[in-house]
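As a plain string of letters, each chain reads:
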Amino acid sequence: SDCAPQISGEGELQMRGLILIEQGKVALGERPTPRPGPYEALIRVTAAAACNTDLEIVEHFIMPPVQGRFIGHECVGVIEEVGSEVSYFKPGDRVCVPALTPEWRSIEAQQGWATFSNGGMSFDWGLMRDGTFAEYVCCRDVDMNCGKIPDEVTDLQAVMVSDMISTAWNGLDNTHFRLGDNVAVFGIGPVGLCAIAGVRRKGAGRIFAIGTNPKGIELALEFGATDIISYKEGDVVAQIRKKNGGPVDVSVLAGGNGSTVSQAYRLTRPGGQICSVNAFYDDVVISPGDWNSGMETKQMTGYQNTGGRWMFERYLNMLKYDKTFDPSKIITHINHGLEGLEETLWNKKKRECLKSVTILD
Ligand code: ZN
């Protein structure tokens, strides 16, 4: 639902941001500045990050038509104004805004699946309401959704929690493995790199990181990977099984396509878990030999971040106290000011770009 616009003596207050004009085309423009509803907050954006999903939305319209709204779903900012029922946050608080903002008063939230509150995925930014590539955002159910950023955590670190860390680590929070288990991580983009940092901290033994991006390889090794595997050197499953002396205990899917899922089934031991934190847009075929014709339990789960203050403040707490993981190192491209927003989006098309951020303060 839309927030009502702010009205001053001279009429509707406007805010600027990057509008989706038509498929493949964005431009800076104005939209009404929202007035927060009772449980909402108006947040001044201080840093906004671009995601592959933004590119998919702009270029391939993977979501319902969203022309005319600001794009973007990842940001951090400062609370400007709170609704009448907001009690935890106050103006001036630095907050990490989740990519998904569930309705915590929904039946799905009571069932434990807040991500799908009110019958659909709680991915509202840029669709149901204006997105985060803007001067301001209006966050719903703010007390339940946003995380307060500790003083010790920078905006550039915290903006990586908005979707990348929260998606990777929520998947891992729901993946069972024991100290010393061997893990394969498919993909060394931002989510894959955050997953590597996560499995290292959860106590994995050997960590195979699959990918070829040079900067990604450098960071994968820094964040805890023990082996880099390249698909350019042949079948990655055969390579890992040979090095590992057999299947791995856990596979994390943080990239690839439908065939990557069957690779993960082939690579993971019976009773092992496959943790998907990736968006797939094509069919998945699992061959009989990959799972003993369906008679071998290999559990696959699919997660992204669910939003939620508990989750976000836990992950921000990790960044506050574990200084050995600095997620801002994943940011390869930085622009400044509203004029930098469009470049921040298109930077995601560059092969050497891992994460692209605009600073707006
Ligand atoms: Zn994202």
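What counts as what
- Residues numbered from 1 in each chain as written.
- Predicted model: local features only at pLDDT ≥ 70, side-chain atom pairs only at ≥ 80, totals over all residues.
- Heavy atoms only, no water.
- Donors = N, O, S within 2.8 Å, 3.2 Å for Na, K, Ca; no water.
- Tetrahedral: all angles 85-135°; square planar, octahedral: opposite > 155°, others 65-115°.
- Helix = DSSP H or I, 4+ residues; strand = E, 2+ residues; numbered from the N terminus.
- Pairing = 2+ DSSP bridges.
- Axes fitted to C-alpha atoms, helices over the stretch in contact; angles between N-to-C directions.
- Contact = heavy atoms within 4.5 Å.
- Parallel < 35°, antiparallel > 145°, perpendicular 65-115°, else oblique.
- Left-handed = near helix turned anticlockwise from the far one by under 90°.
- Nonpolar A, V, L, I, M, F, W, Y, C, P; charged D, E, K, R; others polar.

A. Fine view of the coordination of the zinc ion. Ligation of the zinc ion by protein atoms is provided by C51 (SG), H73 (NE2), E74 (OE) and D163 (OD), these donors lying 2.0 to 2.3 Å from the ion. Between the four donor atoms coordinating the zinc ion, the angles at the centre fall across 97 to 134°, so the site counts as tetrahedral. Considered as a linear motif, the donors of the zinc ion on their single chain read C-x21-H-E-x88-D. You can see C51 sitting in the loop between β7 (41-50) and α1 (52-60) and its partner E74 sitting in strand β8 (residues 74-82), a full 23 residues away along the chain.

B. Representation of the sheet that holds strand β12 (residues 183-186) in the model. With parallel pairing, the six strands of this open sheet are ordered in space as β14-β13-β12-β15-β16-β17. The outermost strands of the open sheet, each flanked by one partner alone, are β14 (227-229) and β17 (299-302). Each strand axis lies, on average, 20° off the axis of its neighbour in the sheet, ignoring direction. Here strand β13 (residues 207-210) runs beside β14; their pairing, made up of three bridges, is parallel. Pairing of F208 across the sheet is with D227, part of β14.

C. Structural view of the environment of I43. Residue placement: I43 occurs in strand β7. Counting along the chain gives 269 residues from I43 to F312, while the straight-line C-alpha distance between them is 17 Å. In this structure, I43 is in contact with G77, V78, I79, E80, V95, V97, E135, Y136, V137, C139 and C146, ignoring residues within four places of it in sequence.

D. Structural detail: the side chain of S328. Note that S328 resides in the loop between α10 (309-321) and β18 (331-336). Setting aside chain neighbours within four positions, we find S328 in contact with L156, Q157 and M160.

E. Structural view of the packing of helix α5 (residues 161-173) against helix α6 (residues 190-201). With their axes 8 Å apart at the nearest point, α5 and α6 run at an angle of 50° to one another. When the axis of α5 is compared with that of α6, the two are oblique. When you trace α5 past α6, the crossing you get is right-handed. Residues M164, I165, T167, A168, W169 and L172 of α5 touch α6, and the partners they reach there are P190, V191, C194, A195, G198 and V199. The class makeup of the residues in the contact of α5 with α6 is ten nonpolar, two polar and no charged.

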